[in-house]
Amino acid sequence: MKLVTAIVNKEDAKQVCNHLIQEGFSVTRLSTTGGFLMAGNMTLMIGTEDEKVDPCIQIIAQHCKQRTEVVPSTASYGIGVATAYPLQVTVGGATIFVTNVERFEKL
Ligand code: 2BA
């Protein structure tokens, strides 16, 4: 079994979740904040069989779009980064980690 952890844009989260659930995946949504932009995003936790990881990632890929965000010069950034000019960053469609699940139990 694997755990797919996907950090997605808040705008895409509802649609991705709906499609994952339609295809029989179990999903937990966590409201999270990106460390760099300090903007809200959504982290999805999906526990699934090894052979369903690729279909799961395909669904996420189909419904998550890349976006360009402009960070106002007055924003505070993480790790002490600052700039006098608005900064353009491309926020990916999704950032995905796939990890092995050692043990899975529902009690
Ligand atoms: P944030 O940390 O808010 O980052 C938003 C976007 O800012 C990133 O998009 C990237 O384009 C840019 N960025 C991030 N850190 C940077 C840095 N040190 N210098 C220059 N530009 C930087 P994505 O890479 O698509 O990441 C979207 C969100 O996914 C991130 O939001 C963060 O919440 C998460 N994420 C991405 N990579 C991660 C990782 N390796 N570990 C944990 N979370 C990650």
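Note: the structure precedes this text.
Residues numbered from 1 in each chain as written. Predicted model: local features only at pLDDT ≥ 70, side-chain atom pairs only at ≥ 80, totals over all residues. Heavy atoms only, no water.

K.L.:
Looking at this structure, I do not really get the environment of Gly 93. What am I missing?
P.N.:
If you trace the backbone, Gly 93 turns up in the loop between strand S5 (87-91) and strand S6 (94-100). Residue classification places Gly 93 among the buried positions, given a relative accessible area of 14%. Those residues in contact with Gly 93 that sit more than four places away from it in its chain are Ile 7, Val 8, Asn 9, Cys 64, Lys 65 and Gln 66. (Helix = DSSP H or I, 4+ residues; strand = E, 2+ residues; numbered from the N terminus. Buried < 20%, exposed > 50% of the residue type's maximum accessible area, 1.4 Å probe, protein only. Contact = heavy atoms within 4.5 Å.)

K.L.:
Honestly, the packing of helix H1 (residues 10-22) against helix H2 (residues 53-63) in this entry has me stumped. Any pointers?
P.N.:
For any two helices packed against each other, one specifies the inter-axial angle together with the distance between the axes. The geometry of H1 relative to H2 is characterised by a closest axis approach of 9 Å and an angle of 145° between their N-to-C directions. Crossing handedness for the pair H1 and H2: right-handed. Counted together, Asp 12, Gln 15, Val 16, His 19 and Leu 20 of H1 and Cys 56, Ile 59, Ile 60 and His 63 of H2 form the full contact between these two elements. (Axes fitted to C-alpha atoms, helices over the stretch in contact; angles between N-to-C directions. Left-handed = near helix turned anticlockwise from the far one by under 90°.)

K.L.:
Just to check I follow, could you spell out the site of the ligand for this structure?
P.N.:
Around the ligand, the neighbouring residues are Ile 7, Gly 34, Gly 35, Phe 36, Leu 37, Asn 41, Val 89, Thr 90, Val 91, Gly 92, Thr 95 and Phe 97. Within the side chain of Asn 41, a nitrogen or oxygen atom sits 3.1 Å from an oxygen atom of the ligand. In the model, an oxygen atom of the ligand is placed 3.5 Å from a nitrogen or oxygen of the Thr 95 side chain. With the chains in place, 53% of the 750 Å² that the ligand exposes on its own is no longer accessible. When residues of the shell around the ligand are traced back to their parent elements, those giving at least two are S5 and S6. Residue classes in the shell around the ligand are distributed as six nonpolar, six polar and no charged. (Near = heavy atom within 4 Å. Polar contact = N/O pair within 3.5 Å; in protein donor to acceptor, adjacent residues only side chain to side chain. Areas by Shrake-Rupley, 256 points an atom, 1.4 Å probe, with all protein chains shown as cover. Nonpolar A, V, L, I, M, F, W, Y, C, P; charged D, E, K, R; others polar.)

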